Amino acid sequence: MLLENDVEGIAKLADIQIQKEELTEITVQFNQILEYIDILDSVSEGEVSNSELINVLREDVVIPSLTQEEACANANETEDGHIRAPRVM
Amino acid sequence: MAKEYFFDKADQTNAFITRLDVAMYEESGGPLQGKGIGISDNISTSGIPTTCASRILAGYVPPFDAHVITLLRKAGAAIVGKTNMDEFGAGNTTEHSAYGPTTNPNEASRVAGGSSGGSAAAVATGMVDMALGSDTGGSIRSPAAFCGVVGFKPTNGRVSRYGLIAYSSSMEQIGPLGKTVTDVNTLMSVIAGPDPRDATMYDRPYAHTPSKDIAGMKIAVPDEFFGEGVDPAVAESVRTAIRKLEDAGAETMTCSIPSMSHALAAHYVTGMCEASTNLSRFDGVRFGPPVETKRPWHEEFSDYRGMFFGKEVQRRILLGTFALTEGYYEKYYAKAQVARENMRKDFLRIFRDADIIAGPTMPQIAPKLGEKSDPISMYLADILTAPASLAGVPAISVPCGTVDKMPVGLQLIGRHFEDERVMDAAFAYESEVL
Amino acid sequence: MTDKTVIIGLEIHCQLNTKTKLFCGCSTDFQRDEPNTHVCPICLGLPGALPCLNKQAVMHALKVAKALNLTVPEVSEFSRKNYFYPDLPAGYQITQDDKPIAEKGIMEVDDDEGHPKKIRITRIHLEEDPGRLIHKTSRDRAGYSLVDYNRSCIPLIEIVTEPDLRSPKEARRFLNKLRSTLEYLEVFDGEREGSIRVDANISIKGHNRVECKNISSYKGVEKALNFEITRQRNLIRKGQFIEQETRHFLEGRGITTSSRSKENKNDYRYFPAPDLPALRVSEWLKDIVLPELPDARRERFMTQYGISENHARTLTGDLKVANFYESVAGADPAIAAIWVADILLGEINYRSMRIDDVPTMNIADLIVLIRDGAITDKSGVEVLRTMLDACMGQDHEACEMPADIVTRLGLTKAEGDDFTDVIREIIAANPNAVADYRAGKKGAVNFLVGQVMKTTRGRADPKELNIAMDAALKETED
Ligand SMILES: [Zn+2]
C-alpha cells in the first residue's frame, strides 16, 4: 500500500510534477493497479531464456552526421551552434 | 519521377493528426505505386510532423525517415498523413490523444480501439488504401477488430523498429492494416526489409503470396480465449468463424494457456518499465515545446513533463519508475519476465501440435467513448492480444461478422517467423466468407 | 611512507580510440570542429533512434581485459542507467551493470618502498559518454546551460579497482602504468582532452568511505587524495564523524567539496537495454594478440641495449618515447638513453612540445656527433636547444640538422692546440689563482678550467681540458 508521500517521492524520481489536488486520486489508482499486478507474486522463480540474437555489431566505419542546422532544427534556443538547456549550477 | 497524390477525403472520425493535401510518390513501379498510405503518428517521417499524439512532441519534425518509411517511399507509396493514436501508444481506445479521440467508423459514439485507432479508422472509411500501425499488446489488432479491417502484428524482429518512437521496446512491432488480407500481405512484404540499424532485427525478409489452401492445418482453440469476461455473442461469432476454417479443411482442437492468468500483469509491468525510461528523452531541449532555460533543470524538467505528458502516460511512467526502483525490480520487472517466459513456453507447447491458435481478438465489441475510464477496466481489454505480444509471435485480426452491428475480429496466432502461415489462415477465412 | 590505514579504490573512465562512436556512425574526431556537427538521431537522442554497438569498441575492451588478466564472462549485457541531466540526451546512459564485459584482473605496481604489489581489478565495462555542458550567465544574471552533443556517445571503458591502493603516490603510479598499458594496446590516446576521468574512493581504516568524483588529471588524483587524507585525519583527530558522501574535486583549488545534492540519493533504476542483444565474446579472447607491454619492453631495453633500469623505466613509460628511443638508439644505445631520457624529455617538457614534434633523424645525428666526440656534451645541449627552439611548430623536414648547427655556430670541439693558447692566456691573466694553486689549493684548478670553458664557449672537453691545464700549470712551475 503506497501512501501519498510515497507517490510524491516516485514523481520526484521520475521528474514529473504532479499537482497536489491530483495526488489523492493518483494514489488510489496506483494502489488499485499495484493490487492487480501483485498477481505476479504467484509466479514462481524461473529462468528466462536468452534471445538467439547475440553479438550484433557494427563495423567501425564513419557515417555522415547531421549538419549543425539539422541537429538544431527542432531546438527552441541555440547559441553559437550549442543548444540551450536549463541551468545546472 | 515524383508524382502528386491529392488527398482530399473528409476525415469524419478524427483519424488524422497531420494530413498532406498533396502527397508525393515515386513512379518506381513498386508494389505500392500510387497507393495512399496512412502512418501512425509514432513512426518518424522526415519533414512531416511526428507527435505520438502528445503535446510534448508538438511541432517536432524528424530529420530522418523510419526504415519502414524509406521502404514505403521506394515502393511508390504516397504518404498522405499521420494518424491518430493513444499518446505514445499508452491506451487501447485512441481516447488518450492530445488531439481528441478517433471515433468508430461504424458508430460515432463508440471508440475506434487503439492505440493505432486512427490507422484502422482511416482504412475502414476508405480514406487510405492501407496504413501502418504499431502493436505492443494489441494496438494494431484491437482497432482492426473494432473498425472491421484486417490488422497484422508481425513476429517481433521481422520489421525494423528504427524510427518507431519507442514505448515498449521489447514488445512493440510495426505492422500493416488494410481492408483485405491481400492488402495487408502486400504492405508486409514491403516493410519487412532488413535494416542494420535495428540490432534486434532478424534477417527474415517476407515475400509471400497468400494461399487459401489450408487443408490439414491444425488450429488450436484455447479455453481461456472464451472464458470469463468474453462477451458470449462475440464468442459465438468467433466460433462460427472457426467452423468456417474447418470447412476450408483445417482441423481444430482445444488447448489451454495457463500462463494467461499472469499475461496482463506481465504485459503492463514490462510496458510501463520500458516506457518509463523510453520517455525520458522528452525534456524540451532538442525538440518539443520550449523549456524555460533560466530555471534550475530539475524543477523545469519536472514541471515540463507534468505539463506536457497526458495523464495516462504520466501514470505509466510513475508506475514504471516505481517498479524499477531498488527492491521492487525483482518483485515486478524480473517476475514479469518469468511470466513472459512461461507464456512463450505455453505457446511452444501448443505449437508442437498446432499450426495456428484461434480465438477472438477483443473480448467485447467497441465500447462507448468514455466507458473505460478507470485504468484497470481499460487494461483488461488487452487480455486476448497481450499473449502474442509477450511471446513475440505473429498474430492477425480479420473481421468475422458483427454483434449489435459492430464488427468482431477473429484472431489467428502463429509460430515465430511463420507470419506467412498466419496470413494463409486469414486469407483462407476471408475467401470462405467473401 | 606507505600508511597501512589508508584505503583507496579507483574508478577510471578512459576514452577508447575508435573512428566512430559507441552506438552510432558519427566520427569521434571532433576536437577541432564546431559544436553539434558530429551528431545524428542516435547520439542526439532523437525519438525513434536505436543504438547499434561498435565492434571496435568491444575489441578494444577485450584487449584491455586480456592485458590486465581479466576473465570475460560467457554473457555480458548492456543496461540503461536512468537519471536526468541536460547533457544526457536520452535521459539514461547506456552502460553495463551486473554483466560487465570483463571481471577480476590484476595489475602490478610498485608500492612506496619500491616493492612490486598486485592491485586487483574488479571489473571493466563499456559505456557511452554524455554531451558537454557549458555554464553561462545571461545579462539578467540568470544562469543557463549550453549543450554540445559531439561528445555524446563517445565510447568509454570504466576500469574499477578493489580498494587495494594504500597511498596517493601509489594511486598515481597505478594510473601512470595503466595509461601506458592502454597506450601500448593502442586503445587509448592520453593526449586527447578529457580522455581520462577518475572517481576515487578513499577511507581511513575503520571509518566511512568518501567518493571524490570527476578528477580529470593524474596530478589531480594525487592532490585530491592527499587533501582527503588530511581532511579525514583531522576530523578523526577531533573525534568527529566522517560522513559517507560524494565530494567533488575542484582542480584549480586543489580541494574537495561536499556535493550534498539529491544526486547522492539517486536510484539509477538499472534496467537491461532492450535494444541491444547480449554479447557472447569470451571465445574471442584467445584470438587477441597482445603487443609487447611496458614491463616486457623495459626488460628488453635493459638486456638488448644494456641500459640502466632507471633509463629503461623512463623510456618505456610512454609508448611514443619508447618508439622514439628505439629509432635513435642505433648508433649508440647508451648515449642515446642518456640523451633521450635525461636531456631531451626535459627540454621538450620545458617547451611544452610532444615527442612527436621532434624529428628522430636529427636526434640520431646529434647522438653520432656526441659518440664521435665531434662536439662536447655541453655543445650538444646547445645544439639541441637551438634546434628545438627553431623546430617548434615546424615540419620535421624544415628542422636544421645538428651538424649544420655545429658549423653555423662554430661549436666543433676545440682540440689540443686550439685551447693551449687559451690556457696560456688564462694562466697569464690570473696570477692569483696560479699562486693559490701553488699553495696547494686544488680548487684553483677548477676556477682556471672554468675560465677556459667560458672563453671557448664549452667547445673544450672538460676531461681533456683538466689534463691540459694540469700540464700547463706544471710547465709554468718549472
Ligand atoms: Zn551519432
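Criteria and thresholds
- Residues numbered from 1 in each chain as written.
- Chains lettered and ligands numbered in written order.
- Predicted model: local features only at pLDDT ≥ 70, side-chain atom pairs only at ≥ 80, totals over all residues.
- Heavy atoms only, no water.
- Pairing = 2+ DSSP bridges.
- Helix = DSSP H or I, 4+ residues; strand = E, 2+ residues; numbered from the N terminus.
- Axes fitted to C-alpha atoms, helices over the stretch in contact; angles between N-to-C directions.
- Contact = heavy atoms within 4.5 Å.
- Buried area = accessible area lost by both parts, 1.4 Å probe.
- Salt bridge = Lys/Arg side-chain N within 4 Å of Asp/Glu carboxyl O.
- Polar contact = N/O pair within 3.5 Å; in protein donor to acceptor, adjacent residues only side chain to side chain.
- Domains from an automatic or database assignment.
- Buried < 20%, exposed > 50% of the residue type's maximum accessible area, 1.4 Å probe, protein only.
- Right-handed = clockwise from strand over helix to strand, strands pointing away.

Draft legend 1. Spotlight on the sheet that holds strand S1 (residues 6-15) of chain C. All names here are of chain C. The eight strands lie next to each other as S5-S6-S9-S1-S10-S11-S12-S13, forming an open sheet whose pairing is mixed. Only two strands of the sheet have a single neighbouring strand rather than two, namely strand S5 (102-110) and strand S13 (255-258). Taking the axes of each pair of neighbouring strands and ignoring which way they run, one obtains an average angle of 30° across the sheet. Sheet topology places strand S12 (residues 245-250) next to S13; four bridges connect them, and they run antiparallel. Looking at S13, one finds that Leu250 is bridged to Ile255.

Draft legend 2. Seen up close, the interface of chain A and chain B. Each side of the interface is counted separately: chain A has 46 residues, and chain B has 59 residues. Contact with chain B buries surface across chain A, with A:Asp15, A:Leu40 and A:Asn74 losing the most and accounting together for 14% of the total. Close ionic contact of B:Lys311 with A:Glu22 constitutes a salt bridge, the shortest N to O distance being 3.0 Å. Seen at the junction of chain A and chain B, the total is 21 residue pairs in polar contact (both at pLDDT 80 or more).

Draft legend 3. Local environment of the domain arrangement of chain C. Residue and element names in this part refer to chain C. When its domains are assigned, chain C resolves into domain 1 (6-287), domain 2 (294-409) and domain 3 (416-477). The gap between the C-alpha centroids of domain 1 and domain 2 is 35 Å. Counting from both sides, the interface comprises eight residues of domain 1 and, opposite them, eleven residues of domain 2. Both faces combined, the contact of domain 1 with domain 2 buries some 800 Å², and carbon together with sulfur accounts for 47% of it. Taken together, the links from domain 1 to domain 2 amount to two salt bridges. Here Asp110 makes a salt bridge to Arg313, at a shortest N to O gap of 3.8 Å. Linking domain 1 to domain 2 there are three residue pairs in polar contact (both at pLDDT 80 or more). Residue contributions to the side of domain 1 that touches domain 2 peak at five residues, all from helix H2 (residues 168-184).

Draft legend 4. Seen up close, the environment of C:Pro333. Along the chain, C:Pro333 turns up in helix H7 (residues 333-350). Excluding residues that lie within four positions of it along the chain, C:Pro333 makes contacts with C:Tyr305, C:Ile307 and C:Tyr325.

Draft legend 5. Representation of the pattern of salt bridges. Tallied over the entire structure, the rule returns 65 salt bridges over all chains. The closest approach of N and O atoms between B:Arg161 and B:Asp198, which form a salt bridge, is 3.9 Å. One end of the pair, B:Arg161, is in the loop between strand S9 (150-153) and strand S10 (173-178); the other, B:Asp198, is in the loop between helix H4 (181-191) and strand S11 (218-222), and 37 residues separate them in sequence. In this structure, C:Glu347 and C:Arg351 form a salt bridge, with 2.8 Å as the shortest nitrogen-oxygen distance. Across this residue pair, the class does not change: C:Glu347 and C:Arg351 are buried. Via salt bridges that share partners, A:Glu77, A:Glu79, A:Arg84 and C:Lys136 belong to a single interconnected network.

Draft legend 6. Molecular detail of the pairing of S12(C). Residues and elements named next belong to chain C. One ladder, built from four bridges, connects strand S11 (residues 210-215) with S12; its direction is parallel. Among the inter-strand pairings, Glu211 is bridged to a residue of S12, identified as Thr246. What joins S11 to S12 is helix H3 (residues 218-237), and the crossover it makes is left-handed.

Draft legend 7. Structural view of unusual backbone geometry. All names here are of chain B. The linkage connecting Gly114 with the following residue, Ser115, adopts the cis geometry, with an omega of 15°. Among the secondary structure elements, Ser115 is positioned in the loop between strand S7 (107-111) and helix H2 (117-124). Backbone geometry at Thr94 places phi at a positive 60°, although glycine is not the residue there. Take Thr94: its relative accessible area is 0%, and that puts it in the buried class.

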